[in-house]
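Reading the structure
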Amino acid sequence: MINLKINNLDVKAEEGWTILETAKFYGLEIPTLCHNDGLSNYGACRLCLVEIGENENTKLVSSCTYPVEEGLEVHTDTKRVIEARRMMIELMLSIAPNSKVIQDLASKFGVTKVRFKVRNEECILCGLCVRMCKEQMDGKAIGFQNRGFKRKISTPFDIRSEECRLCGACMYICPACQLKCQGPQADTTICNACLTMDPTCLDFYDELQCWMYDAGRCGTCIREKSEKSDSNKQAKNAKY
Amino acid sequence: MNTDIQKVKSFIAKYHNQKKALISILQDIQAEFNYLPQEALKFTSDYLSIPLIDIVSVATFYRSFSLKPRGKHLVTVCLGTACHVRGGPKILEEFERHLNVQAGETTKDNQFTLETVACLGCCAIGPVVVIDGNYYAQTTRRKVSLILKDYTKKEKDNEGHKEN
Ligand code: SF4
Ligand code: SF4
Ligand code: FES
Ligand code: FES
């Protein structure tokens, strides 16, 4: 057992756990994007940043890749962490503004402007598809190519790969190529309608998307208004 | 095509069929064929059981490898910070005009490939141009045609010798 502190709370972790796993075990939420429980850790999106160290001597690390150490001091919600996280969301938004996952993150963490040139690239290089193909589908059909500004995901020689079985897992897991947000301002670089609208589109079910074809009746998608406005987290649940 | 594969096989054997020698193997293939032919990469992938995509990732990561056939002479114009402020872009423009290709392309007669690089580590003599490993210091637009003449002339001389 390893003893460490997360947000001044004494916690114990198993040898080999990451900070993220430990925080999850104790019910502390750290947002993630490129992390998936079934895949290896990659540390690409930097959304899961936490601050480690004491007093002046702190630094930001990605909690999904950082293994726990004896006596480590972790803070998951300092000003520095929140600012860095917002910056990451803003950067990802400028690359793939059509991604609902990233738009939702922007609303959830209060990112209301994008100061960077919008590139509309529809891939944030999170590497989820590559790891999905390799580790779960045994495909090894796609991977990173080039570097720097030209880095991209593709098959060898950009032609249909013999190794791809068209299982679709790469698209299933991709945060950038899922169905576009259907909100009223979805076509703008930053939607933020979730912050002003009620009901919000975060996990929003309408007549057509309700799998019971009867939205609101069974009650699973309904929340009391007072409860909802309490925190952003609960705004995830739509209500009528 | 068969000869290609035999050569590739000998390159791999040179490094005792070891996966970790991938970059050296690719360097040998690049030196032999002047680019990395798809066939060669596929063969290496099968032979060493490295996923093809991993080999392509490595091959596209380094600028010294090329997946497209390169011309006989490789012209590299430095556009690093120091060379940039000393007029590197103008030199590049001049090369583009003379060779009638854009940076990254190869001339139709397969003689020249024009590429750019971000700093060669000899900024003091910038703007730097490298052709086939020969460094040209303090290049100016005027010198471009003279430099190129060297190579086109050599070409003609060689052909002349062959005929004789
Ligand atoms: S569809 Fe093809 S590339 Fe995508 S995960 Fe499946 S095998 Fe891999
Ligand atoms: S294609 Fe999608 S899953 Fe793959 S790296 Fe890009 S954003 Fe991530
Ligand atoms: S979830 Fe940790 S870096 Fe993406
Ligand atoms: S910038 Fe050209 S050699 Fe350094």
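This text gives an overview of the structure that appears in the document. These numbers come from a predicted model, not from an experiment.

Quick notes on the overall build of chain B
- Along chain B, the regular secondary structure elements total 7 helices and 4 strands.
- Beginning at the N terminus, the succession of helices and strands in chain B can be written as α-α-α-α-β-α-α-β-β-β-α.
- Overall, chain B is about 50 × 45 × 25 Å in size when its C-alpha atoms are taken along their principal axes.
- In chain B, of all internal contacts separated by at least 6 residues, the share reaching a separation of at least 24 is 59%.
- Looking at chain B as shown, the accessible area adds up to about 9400 Å², and 51% of this sits on carbon and sulfur atoms.
- Taken as two groups, the 22 positive and 18 negative side-chain charges of chain B have centres that lie 5 Å from each other.

Remarks on the interface of chain B and chain A
- At the junction of the two partners, chain B supplies 13 residues and chain A supplies 14 residues.
- Taken together, both faces of the contact between chain B and chain A bury some 1200 Å²; the carbon and sulfur share is 64%.
- Sorting the residues of chain B by area buried against chain A places I53(B), T60(B) and F61(B) first, and these three jointly supply 43% of that buried surface.
- Inspection of the chain B/chain A interface yields 1 salt bridge.

Let's talk about the site of ligand 2
- Inspection of the region around ligand 2 gives C123(A), I124(A), L125(A), C126(A), G127(A), L128(A), C129(A), I153(A), C174(A), P175(A) and A176(A) as its neighbouring residues.
- A class-by-class count of the residues in the shell around ligand 2 yields 10 nonpolar, 1 polar and no charged.

A short note on the pattern of salt bridges
- Scanning all chains against the criterion turns up 15 salt bridges over all chains.
- Note that K79(A) is salt-bridged to E83(A), the shortest N-O span being 3.4 Å. Highlighted residues: K79(A) and E83(A), both in helix α2 (residues 79-95), separated by 4 residues, approximately one helical turn.
- Of the residues examined, K79(A) reaches a relative accessible area of 65% and is grouped as exposed.
- Between K100(A) and D104(A) there is a salt bridge, with its nearest N and O atoms 3.0 Å apart. With K100(A) and D104(A) both in helix α3 (residues 100-108) and 4 residues apart, the pair spans about one turn of that helix.
- Its relative accessible area of 17% is what places D104(A) among the buried residues.
- Each member of the salt-bridge network shares a partner with another, and the members are E94(B), R97(B) and R141(B).

Criteria and thresholds
- Residues numbered from 1 in each chain as written.
- Chains lettered and ligands numbered in written order.
- Predicted model: local features only at pLDDT ≥ 70, side-chain atom pairs only at ≥ 80, totals over all residues.
- Heavy atoms only, no water.
- Helix = DSSP H or I, 4+ residues; strand = E, 2+ residues; numbered from the N terminus.
- Contact = heavy atoms within 4.5 Å.
- Areas by Shrake-Rupley, 256 points an atom, 1.4 Å probe, with all protein chains shown as cover.
- Lys, Arg positive; Asp, Glu negative; His and termini not counted.
- Charge placed at Lys NZ, Arg CZ, Asp CG, Glu CD.
- Buried area = accessible area lost by both parts, 1.4 Å probe.
- Salt bridge = Lys/Arg side-chain N within 4 Å of Asp/Glu carboxyl O.
- Near = heavy atom within 4 Å.
- Nonpolar A, V, L, I, M, F, W, Y, C, P; charged D, E, K, R; others polar.
- Buried < 20%, exposed > 50% of the residue type's maximum accessible area, 1.4 Å probe, protein only.

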